[in-house]
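Remarks on the overall topology
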Amino acid sequence: MVDAAHAAGAEIIKHQTHVVEDEMSGDAKSVIPGNANISIYEIMHRCSLNEEDERALMEYFQSKDMIFPCGGRAPQKI
């Protein structure tokens, strides 16, 4: 996505970070969406980047001279 946006001339892609443990209650572990067979907690956990991957994404944005607008986790923690 970063490469396609960069090739199209974009300077920024909105990125939202989710820290599942901080955002979801334990009850989410038993909530299974109608279009899934696992809990919403597990879905979010599988799709979330860890801090190492988040840093790598930020550095990749920067290598393309793009702006990394991270919502959710404070950039200084990356």
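Structure report, in brief. (Residues numbered from 1 in each chain as written. Predicted model: local features only at pLDDT ≥ 70, side-chain atom pairs only at ≥ 80, totals over all residues. Heavy atoms only, no water.)

**A few points about the overall build of the protein**
What counts, and what does not: Only DSSP runs of H or I with at least four residues qualify as helices, and only runs of E with at least two residues qualify as strands; both kinds are numbered from the N terminus onward. Buried means the residue's accessible area, taken with a 1.4 Å probe over protein chains only, is under 20% of the maximum for its type, while exposed means over 50%, and partly exposed covers the values in between. By definition in these notes, contact holds between two residues if any of their heavy atoms fall within 4.5 Å. The Shrake-Rupley method, run with a 1.4 Å probe sphere, supplies the accessible areas, and residue values consider only the shown protein chains as cover.
Across its full length, the protein carries four helices and two strands. Listing each helix as α and each strand as β along the protein from the N terminus yields α-β-α-α-α-β. The buried share of the protein, taken over its 78 residues, is 24%. Considering only intrachain contacts with a sequence separation of at least 6, the fraction spanning at least 24 residues in the protein is 53%. Per element, the accessible surface of the protein, about 5400 Å² overall, is 51% carbon and sulfur.

**As for the side chain of Thr17**
Short version of the rule: As used in this structure description, the phrase polar contact means that two N or O atoms lie within 3.5 Å; if the pair is within protein, one of them must be able to donate a hydrogen and the other to accept it, and residues adjacent in sequence are counted only when both atoms belong to side chains.
Inspection of the secondary structure puts Thr17 in the loop between β1 (15-16) and α2 (20-23). A distance of 3.3 Å separates the side chain of Thr17 from the side chain of His15, its partner in a polar contact. Here Glu54 takes part through its side chain, which lies 2.5 Å from a polar atom of the side chain of Thr17.

**Brief notes about the packing of aromatic side chains**
Centre-to-centre distance and the angle between the planes together describe a pair of aromatic rings. We count it as follows: Any Phe, Tyr or Trp ring, taking Trp's six-membered ring, that has another such ring centre within 6.5 Å forms a pair; planes under 30 degrees apart are called stacked, those over 60 apart edge-to-face, and the others tilted. Cation placement over rings: the criterion is NZ of Lys or CZ of Arg within 6 Å of the ring centroid and within 35° of the ring normal.
According to the stated counting rule, one finds one aromatic pair in the structure shown. The lysine or arginine in question, Lys29, covers the ring of Tyr41, its NZ or CZ lying 4.9 Å from the ring centre.

**A short note on unusual backbone geometry**
Positioned with a positive phi, Asp65 is a non-glycine residue whose angle comes to about 55 degrees. Tracing the backbone through its elements, the reader meets Asp65 in the loop between α4 (51-63) and β2 (70-71).

**Points about the side chain of Ser39**
Note on placement: Ser39 falls in the loop between α2 and α3 (40-47). For Ser39, a relative accessible area of 10% translates into the label buried. Looking at Ser39, its side chain comes within polar contact range of the main-chain nitrogen of Glu42, at 3.0 Å.

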